Amino acid sequence: MDFRISADDRVGGQPKKPSQPRSPAAAKGGRVEPVMGSSAKGQSVGGFSLDERPAGGSGNGPKGGGKPPRRGKASTARAKKPRKSRSGGFLMGLLWWGFVASLWVGIGIIGIIVYYGAQLPSSNTWAIPDRPPNIRILAADGTLLSNRGQTGGEAVTYRELPYYVPAAFIASEDRRFMSHFGVDPIGMASVVLEMVKARGMTRGASTITQQVAKNLFLTPDQNLGRKVQEAILAVWLEQNYTKEEILELYMNRVYFGAGATGIEAAAQTYFGVSARNLSLGQAAMLAGILPAPSAYNPKSSPERAIQRQRLSLNAMAEEGYITAEEAAAAQIDPNQSVRTRVAGSESYVADWVESLMTAYIGDIESDVIVQTTIDYKMQKDSEFIVKEQVAAEGANRGFSQGALVAMDVDGKVRAMVGGVDYQASQYNRAVTAKRQPGSTFKPFVYLAAMEKGYTPDTLAEDAQFDYNGWSPRNATGKYAGTVTLRQGLAYSINTIAARLAIDVTPAAVVDVATRMGISSPLEAVPSIALGTQEVNLLELTAAYAPFGNGGNGVIPNVITTIQSTSGDMLYEASDAGPGRVIAPEVLAQMDDMLRTAVEVGTGKRANVGGWDFGGKTGTTQDAKDALFIGFTSAMVTGVWLGNDNATKTTLSGGNVPATIWSEFMTKAHEGKQIAPIPGGSNQGQLAAQQVIDPATGQVVIDPATGQPQVQYVDAATGLPVQTMTDPATGQQVVIDPATGQPMGAQPIQGQPLAPAGATPAAGGMLVDANGQQIDPATGMPVGQVITDQAIDPVTGLPLQAQSNGVGPAPIDPSTGLPMVLVIDPATGQQVWVPSAPAQQQGIQPPAALGQPVPIENPNSQRTLMDLIFGGQEN
């Protein structure tokens, strides 16, 4: 059969009327013939849609393409067949839309990451910030006193710690730390499920790495942006550092509460040990603190700390770091208390050292080690003694605080107590606090007087007076009349100190005090004599050091060396100081008076078994402050007691402060070789003395010269010695009785000594040639007094006992005796007055000075002063 097609039927041909059916059947719903070609409405090519052609069928469409067309019932049946798998299509659709949604979520997350990540600096600038430097402060023997700095402890390496220390942190804070990439999706999902079940926040989902990132780079704000940046930085940390390095960063920089940052600071703060020596139980307790340092630390909440420790130990056992038996053994019994370290008085020293660091080495950029002068045993002894005395006497006498400073006489500080309880108050009452020194300031007034030419035996009038509206009073309200300056200082007589300050001028007193070591600003006013201007205990104690070291000024020092952790020397202390600040002859006078003050005066309760010592008490108005400062040839120590609010007490410098001083100094001198005070001893010195006839009490006149007879005695023993004049030097030298040869030139001191012919007797007493007993303390016949004048060995003329810059003492023509210097109460100036004849058994002052004070001998003088001022301990 010849089968023909028209041009319109060709593939690609265009129908003449494409909008109209080709046969009437089309309008009646009969079979529709495929239209070849394409139209604007997208009709199928060749009469079959490509997706309708049956597989393997024949037709004019492209080979193997398309699905069969719908034809009658058969076509209809085929078209309905896919409806049988509609559920599968729904599932596929669900998956499809889920995929699409996930894709959009992912895009959104990426967008958020990009957005907040763009707010971070460029990653090539990221670097671990330096850890704040630590200051390790050691005692002289290497004992750790404290760590100072922003962290409170030095950094330790991962490998320095016992294995269970980092394990405790991993088990408690981030169990998958060793396997995740910085962010823990599994952990996050578990936290989300927990929160859904609990219908609220349960716990955080940050990994250790994220916490490191937060601590190093970010603020603690809780918001989406910070969490995104935290995750970004955590991934960066994991890419650039090992797990050990990240964990080391974490342990050294995380906050543990109580001011401790880093595991070393926490170990020292809570347990008093290095992190290198932590026990399993201690490590678990530190790990348990981290979720809430202020609430879980063993100092503030010991019960919670025990509970958190148990959770940490159980977590370690679950993760296989320790056994269940080890976990049980390390747990603290809930009925037991947690023993933590209590910050002691050494913390006051550490605070002081920290405050000095910038002045010594400038800005601190890395960890340093500071070696101090502190004697750790003395430090703990001083702390115990101060606390004990405040606890025992504070309630009865109305005071609550105490401070102590002890140093070698060269200025090296050996102990410092800034208060009775550092944990309760960090205010340092030894260094920071400034209080009135009271009568402990008077030695500087007397020193100025000695330098002007006064002597300990110069007479002065203890009586009320008015000076430009200022009228000082004695604390007891009692007045003794004419007294020596030695007595005035020993019994802390206010009027005598005031008269001296007016005479030598307040400016001279300020100059002396500054030279001795007082660094606080002082105003040159007369009341300075009574210690009314404020100083701190450290400088006041240091200002007494020259009295004990031979007259050399000191600068109090607590730092020996400062080194870097690598051993580089950054600072080393020098022994240089101000040099001599007291002339030797003046020093001897001051030491004599300060020894009298503790032998019979206001400081007589003080004692340092077997040692020569001197000192001075001080009590301010209403007993708001009570002090005692004293010295030996080895140490000088100052004690202050009172209240921070300067309220009235019933203290005095001579009671509790003197007791604390004695207890501490006795302990501090244990094992030390007893040595005399330099410049304050007469050992090996000669003294020239007028010879007194014991029968008449008159000066023996040498018939050959017509001058008073002179003898030389050993100033230390009071025994006469044979002497000769060295023709080369003109000095007196002692003749060795065994060989008859000179023993060397000896300095001559003007001291009252034994009469000629005095010899040792049983019991340590001396007797003269007539059997008269000699007082070994004074070298004078018992019950006898002599004029304390030295004789020029060359001319035989009487001289003033000590140089006063005014020349020899004049002779009273009516008595033939040397005259003496006294202070005129009207003018405050020194004047020469006649001395009383020896047979009158006393010193008769001018009428203008008031009634005389009966004097039998120095010991009886002190007995009389005790009667007048015995209850005074200021």
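Within each chain, residues carry numbers counting from 1 in the order of the written sequence. Only residues with pLDDT of at least 70 are given local features in this predicted model, and only at 80 or more are side-chain atom pairs given and counted; all residues enter the totals for whole chains, interfaces and linings. Water and hydrogen atoms were dropped before computing side-chain values, which therefore reflect all heavy atoms in the structure.

Draft legend 1. Quick look at the overall build of the protein chain. Looking only at helices and strands, one finds 23 helices and 27 strands in the protein chain. Burial status follows relative accessibility: with a 1.4 Å probe on protein chains alone, a residue under 20% of its type maximum counts as buried, one over 50% as exposed, and anything between as partly exposed. Looking at the 874 residues of the protein chain, the share that counts as buried comes to 47%. Shrake-Rupley sampling with a 1.4 Å probe provides the accessible areas, and residues are treated as covered by the protein chains on show and by no other component. For the protein chain, the exposed area adds up to about 41,800 Å²; of that, 54% sits on carbon and sulfur atoms. Note on conventions: DSSP H or I runs of at least 4 residues are helices, E runs of at least 2 residues are strands, and numbering of each starts at the N terminus.

Draft legend 2. Representation of the sheet that holds strand β10 (residues 569-572) in the model. In this description, strands pair whenever DSSP reports at least two bridges between them. If you walk across this open sheet you meet the 5 strands as β2-β1-β3-β9-β10, and the pairing is mixed. Only two strands of the sheet have a single partner each, and these edge strands are β2 (144-149) and β10. Across the sheet, the mean angle separating the axes of adjacent strands is 15° when strand polarity is ignored. Residues are treated as being in contact if the distance between any of their heavy atoms lies within 4.5 Å. Axis angles are defined between N-to-C directions and span 0 to 180 degrees, where every axis is a line fitted to C-alpha atoms and, for a helix, only to the segment in contact. Helix α14 (residues 346-361) rests against β1 (134-138), β2, β3 (368-372), β9 (559-564) and β10 of the sheet, and its axis sits at about 50° to β2.

Draft legend 3. Structural context of the nonpolar core. Definition used in this section: a nonpolar core is a set of buried Ala, Val, Leu, Ile, Met, Phe, Trp, Tyr and Cys residues joined via side-chain atoms within 4.5 Å. Core analysis: the largest hydrophobic core is formed by 79 residues, its most contacted members being Phe444, Tyr446, Met516, Phe547 and Val558. Top contributing element to this core by residue count: helix α20 (residues 537-549), with 8 residues. Core analysis: the next-biggest nonpolar cluster, separate from the first, contains 53 residues, Val156, Val254, Phe271 and Met316 among them.

Draft legend 4. The arrangement of the pairing of strand β5 (residues 413-417) in detail. The element β5 is extensively covered by neighbouring structure, given that 5 of its 5 residues are classed as buried. Note: strand β4 (residues 401-408) against β5, 4 bridges, orientation antiparallel. Within β5, the residue paired with Leu404 across the bridge is Val417. What sits between β4 and β5 in their antiparallel hairpin is a turn of 4 residues, with Gly411 showing a positive phi close to 100°.

Draft legend 5. Layout of the side chain of His180. Note that His180 resides in the loop between α4 (164-173) and α5 (185-198). Identification of polar contacts relies on pairs of N or O atoms within 3.5 Å, with a donor-acceptor requirement for protein atoms, meaning one able to donate a hydrogen and the other able to accept it, and with residues adjacent in sequence counted only if both atoms are side-chain atoms. At a separation of 2.7 Å, a polar atom in the side chain of His180 contacts the side chain of Asp174. Filtering out sequence-adjacent residues up to four positions away, His180 remains in contact with Asp174, Thr207, Thr209, Glu238 and Lys243.

Draft legend 6. Representation of the packing of aromatic side chains. Centres within 6.5 Å make a pair out of two Phe, Tyr or Trp rings, where for Trp the six-membered ring is used; the pair is then stacked when the planes are under 30 degrees apart, edge-to-face when over 60, and tilted otherwise. Applying the stated criterion to the full structure yields 14 aromatic pairs. An angle of 80° between the planes, with centres 5.1 Å apart, marks the rings of Phe441 and Phe444 as edge-to-face. For the pair Phe441 and Phe444, a shared accessibility class is recorded, and that class is buried. With a centroid separation of 6.0 Å and an interplanar angle of 75°, the aromatic rings of Phe444 and Tyr544 are classed as edge-to-face. Here Tyr544 lies in helix α20 and Phe444 lies in helix α16 (residues 442-452), a separation of 100 residues in the sequence. The residues Phe444 and Tyr544 share a single accessibility class, namely buried. Through pairs of rings, three or more aromatic residues link up here, namely Phe441, Phe444, Tyr544, Phe547 and Phe631. The side chain of Lys243 reaches across the aromatic face of Phe177, ending 4.6 Å from its centre. In our convention, an over-ring charge means Lys NZ or Arg CZ found within 6 Å of a ring centre and within 35 degrees of that ring's normal.

Draft legend 7. Local environment of the environment of Pro166. Mapping Pro166 onto the fold places it in helix α4. Of the residues examined, Pro166 reaches a relative accessible area of 4% and is grouped as buried. Here the alpha-carbon distance between Pro166 and Ala283, two residues 117 residues apart in the chain, equals 8.5 Å. Sequence-distant contacts of Pro166, defined by excluding residues within four places in its chain, comprise Tyr158, Leu161, Leu247 and Met251.

Draft legend 8. Representation of the confidence of the model for the protein chain within the structure. In the predicted model, the protein chain carries a mean pLDDT of 77, and 65% of its residues have values of at least 70. A low-confidence stretch, residues 9-79 stays under pLDDT 50, and its non-local contacts, those more than four residues away or across chains, total 60 contacts. Every residue in residues 836-864 is under pLDDT 50, and counting partners more than four places away or in other chains gives 52 contacts. Across the chain, each position has a pLDDT score giving the predictor's confidence in that residue, from 0 to 100.

Draft legend 9. Representation of the packing of α16 against helix α18 (residues 494-504). Where α16 meets α18, the closest approach of the two axes is 9 Å, and the angle between their N-to-C directions is 50°. The angle between the axes of α16 and α18 places the two elements in the oblique class. The handedness of the crossing between α16 and α18 is left-handed. Listed contacts from α18 to Lys442, Val445, Tyr446, Ala448, Ala449 and Lys452 of α16 are Asn494, Ile496, Ala497, Leu500, Ala501, Asp503 and Val504. Residue classes follow a fixed rule: Ala, Val, Leu, Ile, Met, Phe, Trp, Tyr, Cys and Pro count as nonpolar, while Asp, Glu, Lys and Arg count as charged, and any other residue, Gly among them, counts as polar. Grouping the constituent residues of the contact of α16 with α18 by class yields 9 nonpolar, 1 polar and 3 charged. The scheme is simple: roughly parallel for angles under 35 degrees, roughly antiparallel for over 145, roughly perpendicular for 65 to 115, oblique for anything else. Each helix crossing is assigned a hand: it is left-handed if the near helix lies turned anticlockwise from the far helix by less than a right angle, otherwise right-handed if that turn is clockwise.

Draft legend 10. Looking closely at empty space enclosed by the protein. Think of a 1 Å grid over just the protein atoms. A cavity is a set of points where a 1.4 Å probe fits yet cannot get out, a pocket is an open set with protein on both sides within 12 Å along at least five of seven lines, and lining residues have an atom within 4 Å of a point. Grid points are joined across faces, edges and corners, and a volume is the space filled by probe spheres set on the points. The tally for this structure, following the rule as stated, stands at 6 cavities of 30 Å³ or more. Arg429, Ala433, Arg435, Gln436, Pro437, Val535, Asn536, Leu537, Leu540, Leu627 and Trp640 together form the lining of the largest cavity. Residue classes in the lining of the largest cavity are distributed as 7 nonpolar, 2 polar and 2 charged.

Draft legend 11. Here's a closer look at the environment of Val586. When you line up the elements, Val586 lands in helix α21 (residues 584-599). Once residues lying within four places of it in the same chain are set aside, the contact partners of Val586 are Leu447, Met450 and Glu451.

Draft legend 12. Quick look at the sheet that holds β4. Spatially, 5 strands are ordered β5-β4-β14-β13-β12 in an open sheet, and the strand pairing comes out antiparallel. For this open sheet the edge positions go to β5 and β12 (614-619), each flanked by a neighbour on one side alone. Direction aside, the axes of adjacent strands within the sheet are offset by 5° on average. Alignment of β12 against strand β13 (residues 625-631), held across 6 bridges, turns out to be antiparallel.

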